[in-house]
Amino acid sequence: MEILTISGGSGLFGEVRIPGAKNSVLPIMAASVLCRGTVTLTDVPHLSDVEASARILQSVGCKVLLENGRAVITPPEFPGSAVPEPLMRAMRSSLFYLAPLLARTGRADIYTPGGCRLGARPIDMHLSGLEKMGAHITEKDGGALEVTAPDGLAGADICLRFPSVGATETLLMAAAAARGETVLRGAAVEPEVTDLARFLQGAGADITGVGTRVLHIRGRELLMGTQHAVCPDRITAATVLCAVAGCGGEVLLTNTCNAHLAEVLRILRRAGCMVSASGDSSVALASSGALRAAGGWDTGVYPSFPTDAAPLMAAALLRAQGESRVTDTIFENRFACAEGFLRLGASVNVCGRTLHVHGMDLLNGADVEAPDLRGGAALVIAALQAQGSTRVMGAEHISRGYEDIAALLAPLGARITRSWGEPCGRGCRNAGTVL
Ligand code: EPZ
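Throughout, residues of each chain are indexed from 1 in the direction in which the sequence is written. Residues qualify for local features only when their pLDDT is at least 70, as the model is predicted, and side-chain atom pairs are given and counted only at 80 or more; totals for whole chains, interfaces and linings, by contrast, use all residues. Derived side-chain values reflect all non-hydrogen atoms in the structure, with water molecules and hydrogen atoms excluded from consideration.

Trainee: Summarise the site of the ligand; cite the residues concerned and give the values.
Mentor: We call a residue near a molecule or strand as soon as one heavy atom of that residue lies within 4 Å of the molecule or strand. In the region of the ligand, 23 residues are neighbours, and Arg92, Asp124, Ser164, Asp308 and Ile330 sit closest. Between Met125 and the ligand, the recorded distance is 2.8 Å, taken from a backbone N or O atom to an oxygen atom. Side-chain polar atom of Ser164 to an oxygen atom of the ligand: 2.7 Å apart, as the coordinates give it. Isolated, the ligand exposes 820 Å² of accessible area, and the fraction of that covered by the protein chains is 91%. Runs of E in the DSSP output that reach at least two residues are strands. Runs of H or I that reach at least four are helices, and both are numbered from the N terminus. Of all the secondary-structure elements, those providing two or more residues to the shell around the ligand are helix H1 (22-31), helix H5 (124-132), helix H6 (165-176) and helix H12 (373-385). When residues in the shell around the ligand are grouped by element, the largest group, 3 residues, is from H5. By convention here, the domain bounds are inherited from an automatic or database domain assignment. Split by domain, the residues of the shell around the ligand number at least three in each of domain 1 (2-19 + 232-420) and domain 2 (22-229). Pairing of N or O atoms within 3.5 Å defines a polar contact, subject to two protein rules: one partner must be a possible hydrogen donor and the other a possible acceptor, and residues neighboring in sequence count only if both atoms are side-chain atoms. Accessible areas in this description were obtained via Shrake-Rupley with a 1.4 Å probe; residue shielding takes into account the shown protein chains only.

The structure is reproduced here in structure tokens:
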């Protein structure tokens with residue numbers, strides 16, 4: 001088990017370059033299976049989920065080179081169609097391989113995916129959309145799915161009941177290689193969806209309406225290899241901004257896309273941070289560390305406040321005077337990190353999908369456990385504000401979405417070290433540190 005030991009109580013000052021987006025590179029790596037020719041991706045973050053994606057690609061016959069922020073992927077002439085269960089269970093993004101394998105080989109033998117425990121996270125919209133395009137789905141024991149398209153996939157007019165990011169991406173990939181035209185209505189418009197569409201266009205896909213809720217895709221038999229720079233990770237940017245906001249200090253972020261950060265910047269300003277966005281690719285923030293409460297706000301689908309940033313912003317507000325409350329309209333169990341906040345001395349409570357925060361003057365270091373990716377990052381932000389030392393257990397959750405959160409924040413003066421302890425049951429408090 002990975003453990004982060006954090007010495008808190010100091011301000012954060014410096015400059016950070018934002019890496020490419022996890023939630024962009026993962027579907028794009030899967031989409032490379034559709035391409036006949038080499039795909040070169042740049043600004044690829046070094047994440048355990050990226051490594052897991054590389055293993056899935058290799059399991060179906062792709063050559064994959066990950067080095068120096070690049071991914072060079074060469075699919076075979078005839079890719080395999082089965083993804084081993086352990087690789088499928090490792091993360092939710094393994095589901096992204098369903099559509100490209102089905103479109104390219106006529107079948108996909110996969111398993112229901114893993115991922116953060118944020119709620120039920122069904123995949124019905126992915127599957128029903130593919131069925132409309134001609135897929136036959138057989139659910140087998142143990143969460144295994146056998147999906148076939150003996151006559152190939154055909155374009156369809158599909159309306160999503162909810163603008164699901166993943167379902168939009170699945171159906172976009174399927175439609176890009178299907179026969180005929182697909183209209184995808186009620187599509188998600190998150191920046192990561194747009195980035196996938198831009199990648200597919202670079203490979204020769206015929207897609208119009210990118211960035212809107214109605215996508216028109218005219219399938220292409222052949223998609224070619226291409227080069228693509230992954231868009232900046234808006235949630236990593238939000239993580240750094242919330243850490244500096246909560247601790248106090250000043251930061252300059254470079255390689256940002258400020259249009260993607262509008263709602264996060266709005267709440268940070270409401271809490272009393274000085275924010276200046278110069279152009280669209282860098283933003284500066286200054287905070288006294290004595291924030292005022294931000295009142296209430298909801299998360300929502302883009303361009304609303306992002307669900308992934310909700311625990312991060314809550315952590316920044318743990319010492320803000322007054323009450324803040326954030327409601328996550330996307331996932332049922334977004335605030336599992338509240339238990340860790342309480343152990344650090346914060347005054348929080350969860351009511352339904354709403355986290356209530358009553359600012360406390362002082363937080364004190366303690367042993368806490370990361371419940372999921374963004375909850376773990378939120379505990380790091382909280383620990384950086386606490387007096388004394390904190391150990392965040394289960395930090396492997398955090399490594400799924402951040403290259404190295406200790407290295408990310410080190411240029412700002414954050415004192416975070418990594419060690420490894422014995423695996424232990426949930427809620428363990430005194431994991432030993434085996435170096
Ligand atoms: C993506 O998850 C992201 N993951 C999540 O980031 C992000 O929180 C989420 O979008 C919302 O922005 C990746 O891109 C790898 P959804 P996804 O489909 O695609 C329900 C992180 O921390 N739903 O938009 O799974 C679902 O249960 C991760 O980086 C169905 O009911 O999100 C949820 O309540 C966490 N049926 C809602 O829709 C379906 O078929 C939104 O889910 C699909 C989804």
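Trainee: Any details on the sheet that holds strand S13 (residues 214-218)? Residues and values, ideally.
Mentor: Any two strands with at least two DSSP-identified bridges between them are counted as paired. The strand order across the open sheet built from 4 strands is S10-S11-S13-S12, with neighbouring strands paired in mixed fashion. The sheet terminates laterally at strand S10 (157-159) and strand S12 (206-208), the two strands that pair on one side only. Strand-to-strand twist across the sheet, computed as the mean angle between neighbouring axes with direction ignored, equals 15°. Here S10 pairs with strand S11 (residues 181-185) via 3 bridges, running parallel. By the bridge assignment for S11, Cys159 is matched with Arg185. When checking whether two residues touch, look at their non-hydrogen atoms; a contact exists if any pair is within 4.5 Å. Orientation is described by lines fitted to C-alpha atoms, with helices fitted over the stretch in contact, and by angles between N-to-C directions that extend from 0 to 180 degrees. Running at roughly 25° to S13, H6 makes contact with S10, S11, S12 and S13 of the sheet.

Trainee: Describe in detail the pairing of strand S18 (residues 282-287), supporting the description with residues and values.
Mentor: Here 6 bridges tie strand S16 (residues 249-254) to S18, and the two strands are oriented antiparallel to one another. Bridged to Gly249 within S18 is Ser287. Pairing analysis gives 5 bridges linking strand S17 (residues 274-278) to S18, with the strands arranged antiparallel. Paired with Ala277 across the two strands is Val283, which belongs to S18. Between S17 and S18, which pair antiparallel and follow one another directly, the connecting turn spans 3 residues, one of which, Gly279, has a positive phi of 65°.

Trainee: Describe in detail the confidence of the model for the chain, supporting the description with residues and values.
Mentor: Here pLDDT means the predictor's own confidence in every residue, given as a number from 0 to 100. Summing up the model confidence of the chain, the mean pLDDT is 94 and the portion of residues at 70 or higher is 96%. Predicted confidence is poor over residues 426-435, with pLDDT under 50, and the contacts of this stretch with residues over four places away or in other chains come to 31 contacts.

Trainee: I'd like to hear about the sheet that holds S16, residue by residue, with values.
Mentor: The 4 strands are arranged S2-S16-S18-S17 in an open sheet whose pairing can be described as mixed. If you trace the sheet from one side to the other, it starts and ends with strand S2 (12-17) and S17, each paired once. Strand after strand, the sheet turns through a mean of 10° between neighbouring axes, direction not considered.

Trainee: Before we move on, can you summarise helix H7 (residues 191-202) with the specific residues and values?
Mentor: Between its first and last C-alpha, H7 extends 16 Å over 12 residues, near the 16 Å set by a 1.5 Å rise per residue. Backbone geometry just after H7 places Gly204 at a positive phi near 110°. A helix is expected to span 1.5 Å multiplied by its residue count minus one.

Trainee: Please provide a residue-by-residue account of the nonpolar core, values included.
Mentor: Counting 76 residues, the largest nonpolar core has Leu268, Leu312, Phe341, Val380, Leu384 and Leu409 as the members making the most contacts within it. No other element matches the 10 residues that helix H8 (residues 234-247) contributes to this core. When near neighbours in sequence (up to four residues on either side) are disregarded, Phe341 contacts Pro311, Ala314, Ala315, Leu318, Ala346, Val348, Leu355, Ala378, Leu379 and Ala382. We define a nonpolar core as any set of buried Ala, Val, Leu, Ile, Met, Phe, Trp, Tyr and Cys residues linked to one another through side-chain atoms lying within 4.5 Å. Each residue's exposure class comes from its accessible area (1.4 Å probe, protein chains only) as a fraction of the maximum for that residue type: buried when under 20%, exposed when over 50%, partly exposed otherwise. Judged by nonpolar contacts, the second largest core, of 71 residues, contains Leu47, Ala52, Leu101 and Ala135.

Trainee: Go over the side chain of Thr168 with me, naming the residues and quoting the values.
Mentor: In this structure, Thr168 sits in helix H6. Residue Thr168 is classed as buried on the basis of its relative accessible area of 0%. When residues no more than four places from it in sequence are discounted, the contact partners of Thr168 are Leu160, Leu184, Ala187, Ala188, Val193 and Leu215.

Trainee: Give me the lowdown on the packing of H8 against H12, citing residues and values where you can.
Mentor: Axis angle and axis distance: for two packed helices, these are the angle between their axes and the distance between the axes, and together they describe the pair. In contact at an axis separation of 8 Å, H8 and H12 are set at 25° when each is read in the N-to-C sense. Judged on the interaxial angle alone, H12 and H8 are roughly parallel. Crossing of H8 over H12 shows right-handed handedness. Residue-level contacts link Ile235, Thr239, Cys242, Ala243, Gly246 and Cys247 of H8 to Arg374, Ala377, Ile381, Leu384 and Gln385 of H12. Split into classes, the residues belonging to the contact of H8 with H12 amount to 7 nonpolar, 3 polar and 1 charged. Throughout this description, any angle smaller than 35 degrees is read as roughly parallel, any larger than 145 degrees as roughly antiparallel, any in the 65 to 115 degree range as roughly perpendicular, and the remainder as oblique. Should the near helix be turned anticlockwise from the far one by less than a right angle, the crossing is left-handed, and should it be turned clockwise, the crossing is right-handed. Only Asp, Glu, Lys and Arg are considered charged, only Ala, Val, Leu, Ile, Met, Phe, Trp, Tyr, Cys and Pro nonpolar, and every remaining residue, Gly among them, polar.

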